Amino acid sequence: MNLRSENASLAELRILPAVTRDVDLVVKISAEAYTKIYNDVIGAVPKPAYENYAPRIARSEVYLGYIGSEACCVLVLENQHPTLLIYSVAVCPRWQGCGFATQLLNFACRFAFDNGFAAAALYTNIKMLANIRLYERCGFIPQGSRPHPTRADEMLLDMLRKI
């Protein structure tokens, strides 16, 4: 169920660092966000849907977005100085369409600016057209495509936003 009709307020989204006890919640949100849509479009589930996030949480790379007390989205950032890699943007299906992915991307770009990164980068499967449109609306520019490192015959699109 999409909550757009319930007028979820964008101002209500709080983005906080994930902590060790959040590992299962981060995996749950990521799996819910990625599994169906990626299976439907590319016939496979990407790594962010099932990976162990404990090491990333220990490195302070994972953030949770909350509406009230409910965690509804996940952001994963990697320091690849001078670029900040936005590794994952995952929004629970019931909250998709409320603008939270845009807020997470804007948060990541502010984080990049505040921490002296020259750019924010991300990548997606070239078949994920809705993702690409979202990233372009948020100021990310396609930089070219490359083969997927583990799935033959798939291509990834690299995108960059200068800070």
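Right, let's walk through the structure included here. Here the structure is a predicted model, which means the values were calculated and not measured.

Thresholds applied
- Residue numbers run consecutively from 1 along every chain, following the written order of its sequence.
- pLDDT decides what is reported in this predicted model: residues at 70 or higher carry local features, side-chain atom pairs at 80 or more are listed and counted, and totals for whole chains, interfaces and linings draw on all residues regardless.
- Working from all heavy atoms in the structure, the side-chain values ignore hydrogens and water.
- Here, nonpolar core refers to any group of buried Ala, Val, Leu, Ile, Met, Phe, Trp, Tyr and Cys residues whose side-chain atoms link them within 4.5 Å.
- Burial classification: accessible surface area is computed with a 1.4 Å probe over protein chains only, and a residue below 20% of its type maximum counts as buried, one above 50% as exposed, and the rest as partly exposed.
- For the purposes of this entry, the term helix denotes a DSSP run of H or I that reaches at least four residues, the term strand denotes a run of E that reaches at least two, and both are numbered from the N terminus.
- Contacts between residues were defined by any pair of non-hydrogen atoms, one from each residue, lying within 4.5 Å.
- An expected span of 1.5 Å times one less than the residue number is assigned to each helix.
- The angle between axes fitted to the seven-residue stretch ending at a residue and the seven-residue stretch beginning at it gives the bend at that residue.

If you look at the biggest cluster of nonpolar residues, it comprises 54 residues, and the most contacted ones within it are Leu75, Ile86, Phe100, Leu105 and Phe140. The greatest single-element share of this core, amounting to 8 residues, is contributed by helix α3 (residues 100–114). For Ile86, the residues in contact, after removing those within four places along its chain, are Leu75, Val76, Leu77, Leu105, Ala108, Ala120, Ala121, Leu122 and Phe140.

Each turn of an α-helix holds 3.6 residues, which means side chains three or four residues apart point in the same direction. When the terminal C-alpha atoms of helix α1 (residues 23–42) are compared, their 27 Å separation across 20 residues agrees well with the 28 Å that a helix rising 1.5 Å per residue should span. The axis of α1 is deflected most strongly, by about 25°, at Thr35. If you check which residues of α1 are buried, you get Val23, Val26, Ile29, Ser30, Ala33, Tyr34, Tyr38 and Ile42. On the buried face of α1, the contacting elements are α2 (54–58), β2 (62–67), β3 (70–80), β4 (83–91), β5 (119–125) and α4 (129–137).

The next point concerns unusual backbone geometry. Of the consecutive residues His81 and Pro82, the connecting peptide bond is found in the cis state with omega at 15°. Relative to the helices and strands, Pro82 resides in the loop between β3 and β4. A positive phi angle, close to 60°, is found at Ser60, a residue other than glycine. With respect to the secondary-structure elements, Ser60 resides in the loop between α2 and β2. Of note, Asp153 is a non-glycine position whose phi angle comes to about 70°, a positive value. Within the fold, Asp153 resides in the loop between β6 (141–147) and β7 (155–162).

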